[in-house]
Amino acid sequence: MKKENSRRSFIKNISLATFSAIALSGCNGAAFDQFLQKNFKTLSKKEKDRLIKELENKYKEKYGKEFHISDKPALEGTLFGYALDLSRCVGCRRCVYACVKENNQSREPQIHWIEVLKMEKEKGIDFTHSTAQYNPEKVPEDGYFYVPVQCQQCKNPPCVKVCPVRATWQEPDGITVVDYNWCIGCRYCMAACPYGARHFNWGEPNVPVNEINTEVHFLGNRLRMKGVVEKCTFCVQRAREGKYPACVEICPVGARKFGNLLDPDSEIRYILENKRVLVLKQELNTQPKFYYFFGI
Amino acid sequence: MNFIRFIRECIKIIFRGSKTYYAWLIFLLLLLLWGGYGYLGQITTGLIKTHMRDSVSWAFYIGNFTFLVGVAAAAVMLVIPAYIYDWKPIKEIVIFGELLAVCAVIMCVSFIIVDIGNPLRFWHMLPFIGTMNFPSSMLSWDFFVLSIYLIINLFIVTYLLYCIFYGKEYKKSIVLPLVLISIPMAVAIHTTTAFLYNALPGRVFWNSALLAPRFLASAFCSGPAILLILFQILRKTTKFEIKDEAIWKIAELMVYAMFIYLFFTIAELFKEFYSGTENILYWKYLLFGIGDHKEIVFYSWSSILMGCIAFILFLIPKTRKNFLTLNIGAVLIYGSVYVEKGIALIIPAFTPDVLGQIYIYTPSLTEIRTAVMIFSIGFLLFTFLSKIAIAIVFEDYNIISLKPGKKIT
C-alpha cells in the first residue's frame, strides 16, 4: 500500500515536472520577458539601457545590421513647432516618401504619416471636397492648392487623453510619442485624433532590409510590430540632435519650416509674429503646434 | 468544501439533457468551430483580415460590443418594474436577468479582446499591475464599470442558487443592497459606453448629448425582448410561473422605450437636417449614401423598418396581447437595435473620415466568423447557466434530492 502510494506520488511529481518543462520551453525566455515588459516611462535608466542593448542585438540578429537606438530625452528649453507655407507647397509628395524612408514605415501594407490633400482654390480649406488621390503629369495643377497633413503635435492632444494604458504621451519638448511595446492596439487614439495622424499596423509591417534606417529612436522610428499604433514624431531621432525633420530637408520649394518655439530668434517665431497663420480645426481646442501660413 | 460540491453538482447538470438539448449544443459547437477557425486567421495574420483600415479604424466588433452592453444593462433594469408592479416571481426574474447580464458582459469583453491588436497585452489596462489611464480615459472607465458589474451579478446569482441548492434562506441583508447597487450600475455601464464615443469632439456624428439617452432607450427595447421570449419558453417547459399580465406589462414598457427612442432620433434628425451644417454629411451617408457609395443604406433602412413595425405591433393592444405578433415584434426590435448598434452607430462616424476621405467599409468574412464565434460562446454559456438555474430553481435539484438515502425511500 505504502509502496503504491509513493509510486503514485512519484508519477505525479514527474508529470508535474514534465508539464512545467514543456510550459517553459513553449514560451522561450525572450518572449516571456517581452510579455512582462513594463511601460517605458516607468523604467529606470539602467532598465532602459538594458532594454536598448537587447533590442540592438535582436535587430542585428534579425537584419544583420548594426543599429544605433537612442533614447535621448527632451532637451531643456525646447518646444518644437512647425510651420507650412501653403502658398509654396506644390503637392509633389516628396515629403511623404522621405518620411517613409527616414521613419521605417511599412511599405506593404503601406503606411504614410503625411497625407497631402488637393483642394480647390475656390473653396479654400475644405476637407469634404478635398482628395488625397491625385495623379497628374505635373504639379501644381491650375485652380488647386495642396495641404499636407501630419501629426499636428497638439498642446492639448485628444489622443493622449483617451489612451486607456498611457502608452502615448507628450514629451517635455512637445512631441507626442508612442511606446510600441506598451500599446495594446485598441485604436481609441485613432478615433480621437481629428487629423487622421495616427496609423495602425493592421498586418506585419514590412521594410526592405536594404532600405532600413538604422539610426533610430526608441520612441520614434525604430521598427514597429503588428498591432500597434504609430505616428509622426517630428523625426524625434533628428530633432533632438539639432537636425531638421526629413520632410523639412527634402521639400524642394522650402515650404516647410521647423524650430524651437521658445527661442525668440528662431525662424518659426519670426513666422508666427509676422505672417498670417492658421491652425486646422481650431474650434476643437486641440491647440496644434503645427501652423499653416501664407508666405507670399 | 460545500461550495466545491455545489460547483460539482452544477457541472453534472450540464451534461444531462434530452436529445434536443444535445442537438442544440452540437449546433452551437459547430458554429463555434467555424467561427473560431476564422478568428485563428486573424490571430496569425493580424487585423488586416478585417475590412477595417486607418480611415474606418473601429467597426463591427465595437458595434457588437456596444449592443451587448445594452443587453447586459437592460436585463437587470427589468428588476425595477418587477419590483414596482409586484410580479410574483421576482426572485426568478432577478436570477435570469442577471444570468443574461453575466453572459452579455463576458461577450462584451470578448469583443474588445478580438478587436485589439495585442490581446496578450490586455493586462496593461489593469490598475496596479498595468498603467490604467484612470480617470482620464473613458475606455478605462468602461472596463472598470463593466468588471464591477460582472462581479456583482455573478456573485448575486451564484449566491442565490447556492442558497436554494442547500435549502437555506438567503440573507436579505447581502442580496438586497447588491441588487440595489446593480441597478444603477446597469445604467452606468451603458452611459459610460455612450460617453466613450461622446468624448471625441473630432467625431461630430457622436458628439451629441442625446447619445447616452438614446443608448439607454434602445437598450430598454432590445434587452427585454430577449427576456420576453425566454420567460415564455420557461413558462412552457418548467414550473416557472409568470402571468400574461406581467409579460404584457414588459411589452408595454418596451413601447414607452421605443417611443422615447423614436422621439430622440427624430429630435437628432431635425437638428442635423434643419441646421444643414457640414456635419450633415455623416447622416447623409447613413440614410442616403454619398454619391455612389450606398453600402450601408440597406442596413440603416432595414433597421428603421424593423423598428417601426415592432413599434406598431407593440403599440396596438390587440397585437401586443397576441403572443404570435408579440414575439414577431420582439424579434424585429432585437434585430433593429442590433443593426443600429452594430453598423449604423459606428460606420457613419468614420465615413467620410476626419480628413474628408471616403473609405467604404462592410464587415469581412473574418469579422462575421469571429462574431459568430463569440455569439456561440455566449449562447453556450447562457444555455449552461440557464440549465443549472432551471434545475435548481424549478426542478428541485438540491442537496436533499441528491441524498442516496432519500432516493431509496
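## Digging into the overall build of chain B
Broken down by element type, chain B carries 17 helices and 0 strands. A compact globule built from 409 residues would reach a C-alpha radius of gyration of about 22 Å, and chain B, at 22 Å, matches this within 12%. Per-residue burial for chain B yields a buried fraction of 44% across its 409 residues. Once local pairs closer than 6 in sequence are excluded, the contacts in chain B between residues at least 24 apart make up 77%.

## With respect to the nonpolar core
All names here are of chain B. By size, the foremost hydrophobic cluster in this structure holds 187 residues, and its most contacted members are Ala72, Leu100, Ala104 and Cys108. The element that contributes the greatest number of residues to this core is helix α5 (residues 90-115), accounting for 16 residues. Dropping the residues within four chain positions of it, Leu100 is found in contact with Val71, Ala75, Ile226, Leu227 and Phe382.

## Details of the pairing of strand β12 (residues 290-293) of chain A
Residue and element names in this part refer to chain A. In this structure, strand β2 (residues 80-85) lies alongside β12, joined through 4 bridges in parallel fashion. Bridging from a neighbouring strand, Asp85 pairs with Phe293 of β12. Taken together, the 2 bridges between strand β11 (residues 277-278) and β12 define a ladder with antiparallel strand orientation. Across the sheet, residue Leu278 finds its bridge partner in β12, namely Tyr292.

## Regarding the packing of helix α6 (residues 138-165) of chain B against helix α7 (residues 172-198) of chain B
Residues and elements named next belong to chain B. Where α6 meets α7, the axes come as close as 9 Å, and the angle between the chain directions of the two elements is 150°. One element, α6, and the other, α7, form an angle in the roughly antiparallel class. The crossing of α6 and α7 is left-handed. In terms of residue class, the contact of α6 with α7 is made up of 22 nonpolar, 4 polar and 1 charged.

## Structural notes on the confidence of the model for chain B
Looking at chain B as a whole, its pLDDT mean stands at 92, while 98% of the residues score no less than 70. Predicted complex, confidence summary: ipTM 0.93, pTM 0.92.

## Points about the pairing of β2 of chain A
All names here are of chain A. With 6 of 6 residues buried, β2 is to be regarded as a mostly interior element. With burial as the criterion, each face of β2 is covered, one bearing Phe80, Tyr82 and Leu84 and the other bearing Gly81, Ala83 and Asp85. The pairing of β2 with strand β10 (residues 256-260) spans 5 bridges and is antiparallel. By the bridge assignment, Ala83 is partnered in β10 with Lys257.

## Considerations on the packing of helix α3 (residues 60-77) of chain B against α7 of chain B
Between two packed helices, what matters for the description is the angle formed by their axes and the separation of those axes. Residues and elements named next belong to chain B. Following both chains from N to C, one finds α3 and α7 inclined at 160°, their axes separated by 8 Å at the closest point. With respect to α7, the axis of α3 lies roughly antiparallel. Crossing angle aside, the handedness with which α3 passes α7 is left-handed. Across from Thr66, Val69, Gly70, Ala72, Ala73, Val76 and Met77 in α3, the residues of α7 making contact are Ser182, Ile183, Ala186, Val187, Ile189, His190 and Thr193. Grouping the amino acids of the contact of α3 with α7 by side-chain chemistry returns 9 nonpolar, 5 polar and no charged.

## A closer look at the interface of chain B and chain A
Listed as interface residues are 39 residues of chain B and, on the opposing side, 39 residues of chain A. Partitioned by chemical class, the residues of the side of chain B that touches chain A number 18 nonpolar, 15 polar and 6 charged.

Conventions adopted
Residues numbered from 1 in each chain as written. Chains lettered and ligands numbered in written order. Predicted model: local features only at pLDDT ≥ 70, side-chain atom pairs only at ≥ 80, totals over all residues. Helix = DSSP H or I, 4+ residues; strand = E, 2+ residues; numbered from the N terminus. Rg over C-alpha atoms; globule rule 2.2 N^0.38 Å. Buried ≥ 20, exposed ≤ 12 C-beta atoms within 10 Å, placed from the backbone. Contact = placed C-beta atoms within 7 Å. Core = buried A, V, L, I, M, F, W, Y, C linked by C-beta atoms within 7 Å. Pairing = 2+ DSSP bridges. Axes fitted to C-alpha atoms, helices over the stretch in contact; angles between N-to-C directions. Parallel < 35°, antiparallel > 145°, perpendicular 65-115°, else oblique. Left-handed = near helix turned anticlockwise from the far one by under 90°. Nonpolar A, V, L, I, M, F, W, Y, C, P; charged D, E, K, R; others polar. pLDDT = per-residue confidence, 0-100.

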